[in-house]
Amino acid sequence: VALREARRWTPQEEHKRISAMKGLRSKMVRLTTEHSGVGSQKPNVLTFERWLARFALRRESAKFEEPVIPADGVVDVALVRDLERVMSTEAATSIAQALAMEAERSAARLSGLPPASAGNAEQQVVAIRACVKRIRALALKAQRKAPPAAKGKGVVAEWEAEVLRELA
């Protein structure tokens, strides 16, 4: 098997890449904090790194040039599952969608190419705003309505379902 020659990145490109990654991490923390509220559980420390690692595994088969930032715009189901440990499925999915779109745009900026879904940029902006609005509404509703004192998983799930029904 012949090894293909790896592209050499300049220090300026690496600096832009690390800045983009910091921005993505910041976005994930901001969105999860907005949803979770003060005093709530935070996602696992390595949630972000696992998301990047899963892209690295997908990257080879898809032939993406970007080595680190998830450039495919795919909503990672495993990221949703990681986030579901501390929030509702709907909120976790919204956050994963927002991160996927932002990562795709970041990777496109780094490569100098338009994102694969650039034709739908206006629709993406509307979708992201709707996701953020929904997450904020869920967080406000959850803060107003305290969860039951019982620690049973079924009781908490019922409470969460009730909150989501009221928001619908």
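Residues numbered from 1 in each chain as written. Predicted model: local features only at pLDDT ≥ 70, side-chain atom pairs only at ≥ 80, totals over all residues. Heavy atoms only, no water.

Visitor: Can you tell me about the packing of helix α1 (residues 11-36) against helix α4 (residues 89-111), naming the residues and giving the values?
Guide: Helix-helix packing is characterised by the crossing angle of the two axes and by the distance between the axes. Running from N to C, α1 and α4 cross one another at 165°; their axes reach a closest spacing of 10 Å. In terms of their interaxial angle, α1 and α4 are classed as roughly antiparallel. Considering only the axes of α1 and α4, their crossing is right-handed. Taking contact as the criterion, the partners of K16, R17, A20, L24, K27, M28, L31, T32 and H35 in α1 are, on α4, A91, I95, A98, L99, E102, A103, S106 and L110. Looking at the contact of α1 with α4 residue by residue, the class counts come to ten nonpolar, three polar and four charged. (Axes fitted to C-alpha atoms, helices over the stretch in contact; angles between N-to-C directions. Helix = DSSP H or I, 4+ residues; strand = E, 2+ residues; numbered from the N terminus. Parallel < 35°, antiparallel > 145°, perpendicular 65-115°, else oblique. Left-handed = near helix turned anticlockwise from the far one by under 90°. Contact = heavy atoms within 4.5 Å. Nonpolar A, V, L, I, M, F, W, Y, C, P; charged D, E, K, R; others polar.)

Visitor: Hey, could you go over the nonpolar core for me, with residue numbers and the actual values?
Guide: Ranked by size, the top nonpolar core spans 26 residues in total, and within it W51, I69 and I95 carry the most contacts. It is α4 that provides the largest number of residues to this core, a total of eight residues. Not counting residues up to four positions away in its chain, the partners in contact with W51 are P70, D76, L79, L99, A100 and A103. (Core = buried A, V, L, I, M, F, W, Y, C linked by side-chain atoms within 4.5 Å. Buried < 20%, exposed > 50% of the residue type's maximum accessible area, 1.4 Å probe, protein only.)

Visitor: Tell me about the environment of Q41, and name the residues and values.
Guide: Residue position: Q41 is located in the loop between α1 and α2 (47-62). By relative accessible area, Q41 is classed as exposed at 55%. For the pair Q41 and V86, spaced 45 residues apart in sequence, the C-alpha to C-alpha distance is 5.9 Å. Among residues more than four places away in sequence, those in contact with Q41 are S36, R85 and V86.

Visitor: Got a sec to walk through the confidence of the model for the protein? Specific residues and values, please.
Guide: Residue-level pLDDT values for the protein average 76, and 65% of them are 70 or greater. Here helix α6 (residues 153-167) is the element of the protein with the lowest mean pLDDT, 66, and helix α3 (residues 77-84) is the one with the highest, 91. (pLDDT = per-residue confidence, 0-100.)

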